[in-house]
Amino acid sequence: MKKKTRWIMLVPLVIIATGGIGLWMVTTKWLEDGLEPKANGSNEYAIVLGAKVKKGNVPSLALRYRLEAALAYSKNNPHVKFVVSGGQGADEDIEEAVVMKNFLLENGLAEERIILENRSTSTYENLSFSQELLPDNVESVTIITSDYHLQRAKMLAHKLNWEVDVVAAETPRVVEAKVRLRERAALLKTYISGK
C-alpha cells in the first residue's frame, strides 16, 4: 500500500518537473533567438525602448546601456533616425523618452535624428505608439533594447506587421538573474495573449 501511495504522489511531481524543464528550455531558446538578426543599417528608423528613470531624472543603468547602444549604432549609421519611446511611470518625475532624448543630445546626436514617443507604459505600447509616429510605408525597423528583452519586442513588432532587426544592449549584472526570470514569464504571456 505504501508503494502505491508513493507512486501516486510521484507521478504528478514528475509531470510538473518535466513541464517546468520544457518551458525553461523553450524560453531559453526564445531569449537566444532575440539576438538575431543583427541590425546592419538597412532600416531608416530605430526604436529605443525605455526603462526606469531614477530620481533626479537620471537614466537607470539598464536605460543608459540602451542609450549607449543607440549612440554607438548612430555613429556607424548616420542616416538612421531614432524613436525614443517611454512614458512616465508612477514613480518617475518625467517621461522616460524626455530623459532619453536629453541623454542622446548631450552625447552628440543631432536633434533632427530624434523622434519623441512619450505616452507608452508597456513594450507593446512602445512599438504601437512609435508606429503612429512613422510614415505609413515603413515596414521594417530596428529595435534597440536590453538583450534579454529583444525576443518579446520582436514578437510584438511582428503583431504590428513589422519586420525587425536588432541592436542588443548589455543587461546590468546586478539585475540580470531577476530580469531574465521575469522575462521568461512575460514571453509566455506574450505568446499566449499576443501582448
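Treat the numbers as computed from the prediction; the structure is a model and nothing was measured.

1. Observations concerning the overall build of the chain
So, step 1. Counting secondary structure elements, the chain contains six helices and seven strands.
So, step 2. A burial count over the chain gives 47% of its 195 residues as buried.
So, step 3. Pairs at least 24 residues apart make up 70% of the contacts formed inside the chain by residues separated by at least 6 positions.
So, step 4. Taken as a whole, the chain presents about 10,900 Å² of accessible surface, with 57% of it coming from carbon and sulfur.

2. Observations concerning the environment of Val175
So, step 1. Inspection of the secondary structure assignment puts Val175 in the loop between strand E7 (163-169) and helix H6 (176-193).
So, step 2. For Val175, a relative accessible area of 26% translates into the label partly exposed.

3. A short note on the sheet that holds strand E1 (residues 45-49)
So, step 1. Taken in spatial order, the five strands line up as E5-E4-E1-E6-E7 in an open sheet, and their pairing is parallel. Since the sheet does not close on itself, it has two edges, and those belong to strand E5 (114-117) and E7, each with one partner. Here the average twist between neighbouring strands, direction ignored, is 25°.
So, step 2. With seven bridges joining them, strand E6 (residues 140-146) and E7 adopt parallel strand pairing. Within the sheet, the bridge partner assigned to Ser140 lies in E7 and is Glu163.
So, step 3. Of the strands in this sheet, E1, strand E4 (81-85) and E5 are in contact with helix H3 (residues 96-106), which crosses E5 at around 165°.
So, step 4. The strands touched by helix H5 (residues 150-159) are E1, E6 and E7; relative to E7, the strand with the most contacts, the crossing angle is about 160°.

What counts as what
- Residues numbered from 1 in each chain as written.
- Predicted model: local features only at pLDDT ≥ 70, side-chain atom pairs only at ≥ 80, totals over all residues.
- Heavy atoms only, no water.
- Helix = DSSP H or I, 4+ residues; strand = E, 2+ residues; numbered from the N terminus.
- Buried < 20%, exposed > 50% of the residue type's maximum accessible area, 1.4 Å probe, protein only.
- Contact = heavy atoms within 4.5 Å.
- Areas by Shrake-Rupley, 256 points an atom, 1.4 Å probe, with all protein chains shown as cover.
- Pairing = 2+ DSSP bridges.
- Axes fitted to C-alpha atoms, helices over the stretch in contact; angles between N-to-C directions.

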